[in-house]
Amino acid sequence: MSNTVEVSGQTAQIKLSGSVDINTTGDLRNAIQAVPTSVKSFVIDASDVSYIDSSGIAVMLLAKQVAERSSATFVINAVSPMVMKVLELAKLDQVFQIQSVASSNDQKPASGSSTDFSDLF
Amino acid sequence: MTKSRPQDPRLIFQISSKPAMSVELDIVSDFLEAYGQTGRVIDALDSALPKLVDHTGCEAGSFFYGEQEASELVCQSCVGPVDIRGVRVPFGSGIVGRVFDTQTIETVENAGSDAAHQRSVDESSGFVTQNLLTLPVTFKGSQIGALQLLNRATEDGMEAFPDQFIRVAKALASGLALGYHSASVTEQVRENDALLRDVELAGTVQDALTPKIPGHLGIAAGILPYKQLSGDFYDYLEVGDRVYVIEGDVSGKGVAASLTMAQAQVLFRTFARDGLSCHEIATRMNAELHRDLGVSRFVTAFLICIDRSLQMVSCVNAGHGEVLKLESSGDSSLIPSSSPPLGIVGGIDFQPIEEQLAFGAWRLWVVTDGVSEALLNGQEIGMDGILAIASRFDSDPLEVSVSKTLDLVRSGKLQTSDDSTVVVIGDLA
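Residues numbered from 1 in each chain as written. Chains lettered and ligands numbered in written order. Predicted model: local features only at pLDDT ≥ 70, side-chain atom pairs only at ≥ 80, totals over all residues.

A. Looking closely at helix 3 (residues 41-55) of chain B. Residues and elements named next belong to chain B. Look at helix 3: 21 Å from first C-alpha to last across 15 residues, which is about the 21 Å you get at 1.5 Å a residue. Along helix 3, the helix axis deviates most sharply at Ala48, where the bend reaches about 30°; the proline Pro50 sits within four residues downstream. Every buried residue of helix 3 is listed here: Val41, Ala44, Leu45, Ala48, Leu49, Lys51, Leu52, Val53 and His55. Gly57 sits one or two residues past helix 3 and shows a positive phi near 70°. (Helix = DSSP H or I, 4+ residues; strand = E, 2+ residues; numbered from the N terminus. Expected span 1.5 Å × (residues − 1). Bend = angle between axes of the 7 residues up to and from the residue. Buried ≥ 20, exposed ≤ 12 C-beta atoms within 10 Å, placed from the backbone.)

This is the structure we're talking about:
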């Protein structure tokens, strides 16, 4: 899966997929910074994200900043439950306007009480 | 103005004086040998090009190197009546520019009739180009330059550049390409070595910034960088009856993250030294980092102030994920983030909430996501795992509980691809 930025008319659609981390966000940052200032609406779709780290969060913040510089609107129209959990834990749900949380198809191994921690010791 | 040199008939004699294949092999092997000895491509070419020019019965030869930054070809080596080293030709200009662009070998039997031929070079040098062979020098499709042989004397009816001459020139062009590629790889290795030394040095500086915490303060901490440089950090500062502690995690990785980490640490020390509350320290650090970092980098942080006179611990969780409070009774609770990470939200919008905890029989476990998101048997341990670890090591001295936790990562029982930091506060009753 890959991350894409598509500009159509005055809208930039940023689609994040799979693992959004330091290894997958380099080109994405360049693409976001290259969005023309004529774009008046930034929309992020993070519904297919299985894992996101701080570099991925930084890319979302960068898109928000680019939108604000162009006086464009910025919205995250969907996030996966994994992304929502990360945003809530870091209180970043206060920073982003999130429209919906996609149904769970989380590919990252989730924590749970079913884990037998006795294997640790 | 110097005129074109009449062809030396002795050169024709030389061609027939030694088996052609042997001479051609000599030219290429001389080049490779000279390159092997000096490691300098142009020195090797300076040695081989005259032999090629002589062998092919040409009046002159030259090599133009493509400087991508300047979009120009520059003559780096030449042999003949005129020294044109340093002459520059824009990409796409002249026959040499055309061959560089198309990467196709060209023979031109009458340069004067080729519209691309740059007469200005001839006019300024006094050389009269009649016929020429131009070969691209490429490595894996990447343009390096172009090799030219000029003014081969021919008898009536003879091809100006027969196939065997093109072959030997091609062989030299290939050697040249290999030499340039090898030089570029060597340069890259040298740069990488320098970079690695810098990273190693930065790692040493970072180690020096990571403090050893005295055992009597009720704080133990440890850090296990995933790679040479860490984006995680912890620090402490004693100010009168107060002890300030911070655990932080900078977004991103590598040198940039380590520089931000150092900046955050300095800010923490500066504001803690002033005896500010955790709320005030977080607010001021946020303002400074917001101004300096932009939004592309941020710092999650858990700040603690242990006040021995008030027998109170206050803390602020700025986007650092949950912190475990484990009572000696076995009861536990989580302290969630009360604000976004430092550096993202500017000004009055940043409002960290300070928690107050009375001294008691409890321990606070503050870990970075390298630990809480580590995998055990393919499953993320989460805060349930941190509770299991904290409970298991609860009877150990603080520093032992920290080292045992990091040992779980070090031994591979917990698998992580991030820096791992553990700070445990407690035994303050």
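B. Fine view of the interface of chain B and chain A. Residue-level contacts link 33 residues of chain B with 25 residues of chain A. Broken down by secondary-structure element, the contributors of at least two residues to the side of chain B that touches chain A are strand 16 (375-376), strand 17 (379-380) and helix 10 (382-392) of chain B. Broken down by element, the residue count for the side of chain B that touches chain A peaks at six residues, all from helix 10 of chain B. Split into classes, the residues belonging to the side of chain B that touches chain A amount to 12 nonpolar, 14 polar and seven charged. (Contact = placed C-beta atoms within 7 Å. Nonpolar A, V, L, I, M, F, W, Y, C, P; charged D, E, K, R; others polar.)

C. Representation of the sheet that holds strand 2 (residues 11-20) of chain A. Residue and element names in this part refer to chain A. With mixed pairing, the four strands of this open sheet are ordered in space as 1-2-3-4. Here the strands that pair on one side only, and so sit at the sheet edges, are strand 1 (4-8) and strand 4 (73-79). Averaged over all neighbouring strand pairs, the angle between strand axes comes to 15°, with direction disregarded. Summarising the sheet, strand 1 and strand 2 pair through five bridges and their orientation is antiparallel. Paired with Val7 across the bridge in strand 2 is Ala12. Against the sheet, helix 2 (residues 54-69) touches strand 2, strand 3 (41-52) and strand 4, its axis set at about 180° to strand 3. (Pairing = 2+ DSSP bridges. Axes fitted to C-alpha atoms, helices over the stretch in contact; angles between N-to-C directions.)

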